[in-house]
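# Observations on chain architecture
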Amino acid sequence: VQLQASGGGLVQAGGSLRLSCTASGRTFSGYNMGWFRQAPGKDREFVAAITWSGGTTYAANSVKGRFTISRDNAKNTVYLQMNSLKPEDTAVYYCAAKYTRVVVTTISYDYWGQGTLVTVSS
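A brief look at the structure comes next. Only a predicted model underlies this, so the values are computations on that prediction, with no experimental measurement involved. (Residues numbered from 1 in each chain as written. Predicted model: local features only at pLDDT ≥ 70, side-chain atom pairs only at ≥ 80, totals over all residues. Heavy atoms only, no water.)

## Regarding the pairing of strand E7 (residues 67-72)
Moving residue by residue along a regular strand, the side chains alternate between the two faces of the sheet. By the alternation rule, side chains of E7 split into Phe-67, Ile-69 and Arg-71, which are all buried, and Thr-68, Ser-70 and Asp-72, of which none is buried. Two elements, E7 and strand E8 (residues 77-82), share 6 bridges in a ladder whose sense is antiparallel. Looking at the pairing, Ile-69 lines up with Leu-80 of E8. Between the end of E7 and the start of E8, which pair antiparallel, lie 4 residues, with Asn-76 showing a positive phi angle near 55°. (Buried < 20%, exposed > 50% of the residue type's maximum accessible area, 1.4 Å probe, protein only. Helix = DSSP H or I, 4+ residues; strand = E, 2+ residues; numbered from the N terminus. Pairing = 2+ DSSP bridges.)

## What about the pairing of strand E11 (residues 116-121)?
Burial of E11 is one-sided: the residues Thr-116, Val-118 and Val-120 facing one way are buried, the residues Leu-117, Thr-119 and Ser-121 facing the other way are not. Two elements, strand E2 (residues 9-12) and E11, share 4 bridges in a ladder whose sense is parallel. The residue bridging Gln-12 from the neighbouring strand is Ser-121, located in E11. Pairing between strand E9 (residues 91-99) and E11: 3 bridges, direction antiparallel. Directly across from Ala-91, in E11, lies its bridge partner Val-118.

## Side note on the side chain of Thr-116
Mapping Thr-116 onto the fold places it in strand E11. For Thr-116, a relative accessible area of 10% puts it in the buried group. Within polar-contact distance, the side chain of Thr-116 engages the backbone nitrogen of Gly-8 at 3.1 Å. Once residues within four sequence positions are removed from consideration, Thr-116 is found in contact with Ala-5, Ser-6, Gly-7, Gly-8, Leu-19, Ala-91, Val-92 and Tyr-93. (Polar contact = N/O pair within 3.5 Å; in protein donor to acceptor, adjacent residues only side chain to side chain. Contact = heavy atoms within 4.5 Å.)

The values reported here are purely geometric and, on their own, carry no functional implication.
Shown next, in the form of structure tokens:
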């Protein structure tokens, strides 16, 4: 599976962005999809995940209520809608895929995209 993330950019605090991640190479619908982020000098951390059917989602406490993960299997794309952005959300955001029917919140994904930079100014 090849993953291509896009949608990052510079936004003011309180603003919104929508990240997209498009998959190619294998059947998309069988994969749990996740978003992670890595700020400078910090470890990569889990942000949100969604099961292959889209029926179950999970978000980290730090983004719960502000970020929403969704997917469109017909378009082989997973989205991360980010609202009420804060400066501490500044990071490179990565999408990832794992062939499983359960939601995965750890870093144990099989495939990773190249990352897209989100910068939130105060």
